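One-letter residues, chain by chain:
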Amino acid sequence: MGDAREGAQMPDIRITNCHVHTFTDRHIPRFYPHPVLWVFKRVPGLVRALSFLMRLFGQHGLGDTLDRLHRFRQEAGAPSQEAVLEQLAHHYPARTRFVVLPMDMSGIGHGPVAQCLRDQHGELAALARSSRWAGRVIPFATCDPRLPGAAGEVRHAIEDLGFRGLKLYPRFGFAPDHPVLMDHVYPLLVARGLPVISHCSRGGVRGAGLSDAIADEYTRPQAFEPVMRAFPDLRVCLAHFGGYRDWQAYVNEGLMPGDARAEAANWQVAIRRMITSGDWPNLWTDISYTLFRFDEFVPFLRMFLEDDRLADRVLFGSDFYMTRQESLSERAVCVRLRVALGERLFRRIAEENPCVWLGEV
Ligand SMILES: [Zn+2]
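Residues numbered from 1 in each chain as written. Predicted model: local features only at pLDDT ≥ 70, side-chain atom pairs only at ≥ 80, totals over all residues. Heavy atoms only, no water.

### Regarding helix H8 (residues 179–192)
Taking 1.5 Å per residue, 14 residues should reach 20 Å; H8 reaches 20 Å between its end C-alpha atoms and fits that length. When the local axis directions of H8 are compared, the greatest deviation, roughly 35 degrees, occurs at valine 185, which is followed within four positions by the proline proline 187. Buried within H8 we find Leu181, Met182, Val185, Tyr186, Leu188 and Leu189. Buried residues belonging to H8 abut helix H7 (150–160), strand E5 (166–168), strand E6 (196–201) and helix H10 (225–230). Where H8 ends, the next residue or the one after it, glycine 193, has phi of about 70 degrees, a positive value. (Helix = DSSP H or I, 4+ residues; strand = E, 2+ residues; numbered from the N terminus. Expected span 1.5 Å × (residues − 1). Bend = angle between axes of the 7 residues up to and from the residue. Buried < 20%, exposed > 50% of the residue type's maximum accessible area, 1.4 Å probe, protein only. Contact = heavy atoms within 4.5 Å.)

### So, the sheet that holds E5
With respect to topology, six strands assemble into an open sheet ordered E4-E5-E6-E7-E8-E9, the strand pairing being parallel. Here the strands that pair on one side only, and so sit at the sheet edges, are strand E4 (141–142) and strand E9 (314–315). Here E4 pairs with E5 via two bridges, running parallel. Opposite threonine 142, over in E5, you have lysine 167 as the bridge partner. (Pairing = 2+ DSSP bridges.)

### Digging into the pairing of strand E8 (residues 283–286)
Side chains on a regular strand alternate between the two faces of the sheet. Alternating residues of E8 divide into Leu283 and Thr285 and Trp284 and Asp286, and every residue in both groups is buried. Bridge analysis of strand E7 (residues 236–242) against E8 gives three bridges, and the strand direction is parallel. When the sheet's bridge partners are listed, leucine 238 is paired in E8 with threonine 285. With two bridges connecting them, E8 and E9 associate as parallel partners. Residue pairing across strands places aspartate 286 opposite leucine 315, the latter belonging to E9.

### With respect to the environment of leucine 328
Mapped onto the elements, leucine 328 comes out in the loop between E9 and helix H17 (330–341). Looking at leucine 328, the relative accessible area reads 31%, which means it is partly exposed. C-alpha separation for the pair leucine 328 and phenylalanine 292, spaced 36 residues apart in sequence, amounts to 8.4 Å.

### Overview of the packing of helix H5 (residues 81–89) against helix H6 (residues 117–129)
As a packed pair, H5 and H6 sit with axes 10 Å apart at the nearest point and diverge in direction by 50 degrees. In terms of orientation, H5 lies oblique with respect to H6. From H5, Gln81, Glu82 and Leu85 reach across to H6, where they touch Gln120, Glu123, Leu124 and Leu127. (Axes fitted to C-alpha atoms, helices over the stretch in contact; angles between N-to-C directions. Parallel < 35°, antiparallel > 145°, perpendicular 65-115°, else oblique.)

### What about the packing of H17 against helix H18 (residues 343–357)?
How two helices pack is summed up by the angle between their axes together with the distance between the axes. Axis separation between H17 and H18 bottoms out at 6 Å; the angle between their running directions is 120 degrees. Between H17 and H18, the angle is such that the two are oblique. Contact residues: Cys334, Leu337, Arg338 and Leu341 in H17; Glu343, Leu345, Phe346 and Ile349 in H18.

Treat this as a map of the structure, not an account of what it does.
Next comes the structure, spelled out in structure tokens:
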């Protein structure tokens, strides 16, 4: 999709990937996700060596898994956020824009992080301003509202650094209607017409000592209803379209039509219902990771997008570099998706909708 020759043959498109990460080892707690993994981080090549050994003993499946883990670790071990971005840019046409979402994992009980949020924001701001990436990197702020100075740091990122929205990760252990967000952060976003994106899948990082059930309570789509009620003008994107597990359950097990409780409990269905009901006109979702991971979901996505209201509220995103753990490359999945959806629908979710969500039109 990326070189000049292809560009000459294909219609001019400006993709906006609404969900990517460039944070590195310096932003990941020392003991995450498990103290044992620390040794992998400390000994370069260990994962590689293990994958070679697995192959030697005929464990090809495990070898592949370790190879992918190695690619993932390589990405996280990049010396800078720009180095991650370089890798990502290989997979897309030249003018593609990337919404970059930072993470503040300093307060989730998995040990210290080497670089504080202010510096992570600062590095991202410098990247977004650099002549090489200006106009292509759309920086978002993040915060953990439980930490001191959270609202002040968001204000700094937005007012002083020109950041274009906010990323939240309730699975760390806070509700989307946390008082700091409700009183200080969302009003700032609304005043400036900026969107918020929030992790919405059952997988992902969880605060230490937090049960899955509690983490799900904070993360489920309905947890955002009090926020949307209080700030009807706030554009909210629930990322990952409910997540892989709920898509898989929907596809493989299905659910009883008309069973309202079952529909509310499946996050993919819940998000579709919330959007198509018209009750939440500023609710959005992105297809990051979920659709990148499982080819078999794409026909369902295409069918869901027959609904006009839904097709207006779905955003293209990938979740790079989380996708490095998967077997297909970012480029391979992106082109498959484009062909499967058709140019018209792909353009809608990858080119037109992002501009509306970002507040550009
Ligand atoms: Zn993500």
